[in-house]
Amino acid sequence: MRVRWRHVLCPIGARRVSRALSNFLLAAAGIAAASGATLAHGATPPPLLWATDAEGGAPYIFKDPKNPNRDIGFEVDIVRELEREIQRPIEMRQYAYSSLILGVQRGDCDFAMNGLEVTPDRKEKVLFSRPYYVFMEQLVVRRDEGRFGDLEGCRKIGCRVGTLEDTAADRLLKAQGIEDVMYDGVVEPYRDLALGRVDAVLLDLPIAVSYARPNPALRFAGPPFARGYYAIALPKESVALKAEIDAALDRMLADGRLRRIYEAWGMWNEAQEDLVQSRGDDILAESRREWTIGRYAPLLFRSAVMTVFIAVLSFGLAILIALPLALARLYAPAPLRWLAVGYVEFFRGIPVLLLLYVLYYGLADLSAASGLGASLRLQPLQAAILGLGLNYAAYEAEIYRAGIGAVPHGQWEAAASLGMTGFLAFRRIILPQAIRTILPPMTSDFVALFKDTSIVSTIAVVELSKQYQILSKSSMKYLEIGLLTAALYLLMSLPLGWVSRRLEAIWGRGIL
Amino acid sequence: MSAAARAAGAGPDGAGIEVRVESLRKSFAGRQVLGGVDVAIPAGATVALIGPSGGGKSTLLRCLNGLTAFDSGLVRVGPGVLMPGPMTGENASSARDIRKLLGMIFQDFQLFPHLTAVENIMEAPLRVLRVPRESARSEAERLLDRVGLLDRASSYPRQLSGGQKQRVAIARALAMSPRGLLCDEITSALDPELKGEVLSVLEGLKREGITLIMVTHEIGFARRAADRVLVLESGAIIEDGPPAEVLDHPRTARTRQFLSRILI
């Protein structure tokens, strides 16, 4: 058995190059290493490329805690068995989970296997093997939860439920009209549940077993429910490989090898008996979703409003912070001036992403640890606006400083010689002249902030870019929805440019 | 009262203001610029400050309205007193009071570029004296008329010639109804044919009895219009008297030397 684990990012379209590269590397490294078997077999078929996201988490595929260079998980075990069954080596390729289907569809990898649920819209784009696992959804709540015990109770009292985006669990929540809070990873939802930011988490049972069961603050609410299937995704034209893989899975199912793998990972349950009966085709009976423009456009519009909301509030905050900062840098005595310089250097120097994480997760920890309870536990939207505002204030402050500093000192003296106070001179004489210089870079920054709002999706805020990802993944309409999303961004940013030019013309009268 | 009638009549309050400087000292970074200057300028006088570059003329002028802080001594402008030290607290508020009595005109005009001529003039009465907008505007127009620029009321500074800019600047200072004007080389940046229009405005002001303190290189104008000429050299007043005396029969060799250079 020769599974050659190599974490090479496999950019879409680079398959040939990477395969040539891997052959070269194998040739270079393989003389002494595990290539004895290869040489003995003579003409070995080229390896199959398996796309998966090694960061997806336990129990699917994850880093061995005892040896971080090794990936383990039940899917790794299945792939090893597959390798033996179909007599071909299989190489792993690291993909972002969200690009798996896209990669397969474009033929950049031979197959993808990473807890991919069989859904009608995906079936239109790729070929699915027979299912290899029957998953169910598990509702997890805090240990002391007394208000509800199941999803129905949850819906009645209007709970917020965390889940992974673009999953069966999320579709289930949406179908039941329960407010869903979307996450990128499997750790964060349970974390936020423990922190009280969401009321429950609905995710696939294997995830719940790995991440929620060990947490003493959480418990399973009721039995698992709502079955679905994991299957291997292949390019549409790979009919022969599908047949090969199906047959291999059939054999592994029949002789109990699959069951042993699941038992080893604590994932075996009665639902798996279904695997014997189920073939790939009967799953299409699942809820069929027709993603027409009438369906997704309203969702996009709503998140566009969210984007505007975040951008406007955080930019307002940035301006409020930046003006005093700029004035302190220009006119304040030394200690205050240093503070302002420190602020600018600090917030300009750290990534927004880091800032958002610290504000959202770090402050909550600090709050709990210092006995402040929930006082510093920011809601996602609060953390998003605060983070972007603090970050952009540093940039704005520098722009204001330059603009205000560029007004000739004589203007201050002329204003003072007319009996104006410093504040009046600043407001009526200096600022209006500075604004002309400040406005163009400020407009650019605002447009940049508009686009930067997409980063707040990392702390469970769904804005336009995130909504695009979600919708395009659900519908497979990357281009169509992408164009509409781009149009929405342009619709929002183009008027800004126009307003800026108008204001420049008005305030620049006599100067330009 | 019609604009014409007011323009023809006496200036605001009809009288100038008295300015006194006592033992004024000022250093910049260890270099002494003013070394104990004493001057008393009676209300309504027209004083020309002349002397070589770096002699401290502009610094003295700027100490009078608190634009430059001084190290020791005293400045009195009418009822207002400026003390040594930074222009903060009490000093800042006396400086503001003094600036309302004593307007200032700069060599490089310093009109507000984002405001039209009439808005430049209205700004301080409107915001500092809180005059109603309508009367501020009609007063500004009256002043523009007086400096001969009523037709340029809605021009922006960049659309005006240097001489026109300086006349607007004078009108802007006059809008605060000051009782004295500090003029810091106000014709130096102007072409010779434009100087006349500015100087004739000043002569009109002198007739109204406003105190005029001018740093100038216009010896001809000083001779014609000034009551008194002060020669400032190395931070000290080395000559003080009527123009005929100081300009034609200077007592010191330094003054003679300076005058001979400047008159060539």
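Residues numbered from 1 in each chain as written. Chains lettered and ligands numbered in written order. Predicted model: local features only at pLDDT ≥ 70, side-chain atom pairs only at ≥ 80, totals over all residues.

Draft legend 1. Region of the structure containing the sheet that holds strand β10 (residues 236-241) of chain B. Residue and element names in this part refer to chain B. The strand order across the open sheet formed by six strands is β6-β7-β8-β3-β9-β10, and the pairing between neighbours is mixed. Whereas interior strands pair on both sides, the edge strands pair on one side only; in this sheet they are β6 (102-105) and β10. On average, each strand axis in the sheet is tilted by 15° relative to the strand beside it, whichever way the strands run. Pairing geometry for strand β7 (residues 180-184) and strand β8 (residues 211-215), over five bridges, is parallel. Each residue of the ladder has a partner; that of G180, found in β8, is T211. (Pairing = 2+ DSSP bridges. Helix = DSSP H or I, 4+ residues; strand = E, 2+ residues; numbered from the N terminus. Axes fitted to C-alpha atoms, helices over the stretch in contact; angles between N-to-C directions.)

Draft legend 2. Local environment of the nonpolar core. In terms of nonpolar packing, the biggest core is built from 207 residues, with V140, A200 and A233 of chain A together with L49 of chain B touching the most fellow members. With 13 residues, the top contributor of residues to this core is helix α16 (residues 380-405) of chain A. Beyond its immediate sequence surroundings of up to four residues, A200 of chain A is in contact with L139, V140, V141, C154, C159, V161, L193 and A221 of chain A. (Core = buried A, V, L, I, M, F, W, Y, C linked by C-beta atoms within 7 Å. Buried ≥ 20, exposed ≤ 12 C-beta atoms within 10 Å, placed from the backbone. Contact = placed C-beta atoms within 7 Å.)

Draft legend 3. Up close: the pairing of strand β11 (residues 225-234) of chain A. Residue and element names in this part refer to chain A. Across the ten residues that make up β11, a large majority, seven, are buried. Here seven bridges tie strand β6 (residues 127-142) to β11, and the two strands are oriented antiparallel to one another. Looking at the pairing, E137 lines up with F225 of β11.

Draft legend 4. Structural detail: the interface of chain A and chain B. Residue-level contacts link 19 residues of chain A with 23 residues of chain B. Looking at the side of chain A that touches chain B, the elements with two or more residues in it are α17 (409-417) and α18 (422-452) of chain A. No other element matches the six residues that α17 of chain A contributes to the side of chain A that touches chain B. Among the residues making up the side of chain A that touches chain B, the classes are represented as nine nonpolar, seven polar and three charged. (Nonpolar A, V, L, I, M, F, W, Y, C, P; charged D, E, K, R; others polar.)

Draft legend 5. Representation of the sheet that holds strand β5 (residues 80-82) of chain B in the model. Residue and element names in this part refer to chain B. Sheet architecture is open: four strands sit in the order β2-β1-β4-β5, paired in antiparallel fashion. Strands at the two margins of the open sheet, each flanked by one partner only, are β2 (31-41) and β5. Adjacent strand axes in the sheet meet at a mean angle of 20° when their direction is disregarded. Bridging between strand β4 (residues 72-77) and β5 involves three bridges; their strand directions are antiparallel. Note on β5: the bridge partner recorded for V77 is G80. The strands that helix α3 (residues 89-101) touches are β4 and β5; relative to β5, the one it contacts most, it runs at about 130°.

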